[in-house]
Amino acid sequence: MLTTGCFGRSAAGDGQDVRTQLAIGGAHLDVQRGLTTSLPGEVTGRVDQDARAALGELPCIVVTNPRRQDRAHAQPARCSGDDDAGLAAHHNLIICAGSFPVQVADGRYLNRSYLFVPGYPPQWQDKLQMTRFEREHWLIAPGEGLKVFETAFGVLGINICYDSEFPLFARAQVEAGAGLILVPSCTDTLAGYWRVRIGCQARALEGQCFVAQSPTVGEADWSESVDVNVGAAAIYAPVDRGFPPDGVVAIGELNAAQWVFADVDLAALDMVRRDGQVLNVRDWDGQSAHVGTRVDRIRLD
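About the cut-offs
Residues numbered from 1 in each chain as written. Predicted model: local features only at pLDDT ≥ 70, side-chain atom pairs only at ≥ 80, totals over all residues. Heavy atoms only, no water. Helix = DSSP H or I, 4+ residues; strand = E, 2+ residues; numbered from the N terminus. Buried < 20%, exposed > 50% of the residue type's maximum accessible area, 1.4 Å probe, protein only. Contact = heavy atoms within 4.5 Å. Areas by Shrake-Rupley, 256 points an atom, 1.4 Å probe, with all protein chains shown as cover. Core = buried A, V, L, I, M, F, W, Y, C linked by side-chain atoms within 4.5 Å. Pairing = 2+ DSSP bridges. Disulfide = S-S within 2.5 Å. pLDDT = per-residue confidence, 0-100. Axes fitted to C-alpha atoms, helices over the stretch in contact; angles between N-to-C directions. Parallel < 35°, antiparallel > 145°, perpendicular 65-115°, else oblique. Left-handed = near helix turned anticlockwise from the far one by under 90°.

A few words on the overall build of the chain. Each helix and strand counted, the chain has seven helices and 16 strands in total. Counting every position in the chain, which comprises 301 residues, the buried fraction comes to 53%. Summarising the internal contacts of the chain: among those between residues at least 6 apart in sequence, 65% fall at separations of at least 24. Within the structure as shown, the chain displays about 14,000 Å² of accessible surface, and the carbon and sulfur contribution to it stands at 50%.

Below, the structure written as structure tokens:
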């Protein structure tokens, strides 16, 4: 299992308490260990450090993707688990739990990622595009609708795995105010990992936003669904001035058990969207003049 977290610091300005600076951390944890009743020392130490800097106010996101057991065609799941809610409350964190199949009232199974915010009922985002395995073997149905979540530090969205490979989902969330897209994923091949990674970087490029990719890693012989897990945690950014030239803010070693941290500033997104070397967000609608019209097919044979 891999966990990605965003640890927020307060950045006040003009008399308002505006949180824009985040320390994002990602960890590769053995899929057989999981994240159950406690957070690793690397995380709690970072939380304590940033809590002091923020005078005790600590907005935080932790993205996990445990897929702890095969849920489809078993007992309906309440949510990602009381453990995640307990961790959120204990550490005063927002926890976005990794996705797994959940049975809804009409009998369908959806692939759902829950968001736990202390003091609020659990929220969630359902996966919208099903992979062949989900559609043909798990018989998982696509969810309905996109959401963004307004938090103490900014607006975020969730794209579950395969959803990140389709541009219109993240685009809609960016238009609704999202500056950070969280992508819990589970891929069993290097090609699968790269598909999601390329999708994440493309979403960061065109949406001029941050994207945190959070894949499972390790082997779980007891599960046909997650028997092999390949990936690396990463935080991606727009490819523009003020950001790394390759758009990679931080990335872990492939399949290694480790934490990866990076400091980001959501306010920097406003600057690059307004006066970047390119203006992908502003220029998005320019495609409309060319898409939907006739495509001329030129024969050169």
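There is more to say after this.
Core analysis: the largest hydrophobic core is formed by 40 residues, its most contacted members being L156, I158, L182, F210, V211 and Y236. Of all hydrophobic cores here, the second largest spans nine residues; its members include L93, I95, A97 and F116.

Our next topic: the pairing of strand β5 (residues 100-103). Where β5 lies against strand β6 (residues 109-116), four bridges are found, and the strand directions are antiparallel. Its bridge partner lying in β6, P101 is registered against N111. Hairpin connection between β5 and β6: a loop of five residues separates the two successive antiparallel strands, and G107 in this loop has a positive phi of roughly 95°.

What follows deals with the state of the cysteines. For the coordinates displayed, the defined rule picks out zero disulfides. The structure places no disulfide on C209, whose sulfur is separated from the nearest cysteine sulfur, that of C200, by 9.8 Å. You can call C209 buried: its relative accessible area is 1%.

Right, let's get into the confidence of the model for the chain. Confidence in the prediction of the chain, expressed as mean pLDDT, is 78, and 72% of residues score 70 or more. When the criterion is pLDDT under 50, residues 1-18 qualifies, and its contacts beyond four places in sequence or with other chains add up to 98 contacts. Confidence drops under pLDDT 50 across residues 51-80; counting only partners more than four residues distant or on other chains, this segment forms 108 contacts.

This paragraph deals with unusual backbone geometry. Although it is not a glycine, L139 sits at a positive phi angle of roughly 55°. As for its placement among the helices and strands, L139 is situated in the loop between α3 (132-138) and β8 (149-150). For L139, a relative accessible area of 54% translates into the label exposed. With a phi angle near 50°, C161 is a residue other than glycine that sits in the positive phi range. Positionally, C161 belongs in the loop between β9 (155-158) and α4 (167-175).

Take the packing of α4 against helix α5 (residues 190-207) next. Across the interface, α4 lies against α5 with an axial gap of 10 Å and an inter-helix angle of 40°. As the angle between them shows, α4 and α5 are arranged oblique. The chirality of how α4 crosses α5 is right-handed. Between α4 and α5, the residues in contact are P167, A170, R171 and V174 and R203, E206 and G207, respectively.

Before going further, it helps to spend a moment on the pairing of strand β7 (residues 123-126). Relative to β7, β6 runs antiparallel, the two sharing four bridges. Across the sheet, the residue bridging to L115 is Q123, located in β7. Counted along the chain from β6 to the antiparallel partner β7, the turn is six residues long, and its residue G119 has a positive phi close to 90°.

Here the focus is the environment of S185. Take S185: it is sitting in strand β10 (residues 180-185). Once the C-alpha coordinates of S185 and T216 are considered, the two residues, 31 residues apart in sequence, prove to be 6.6 Å apart.

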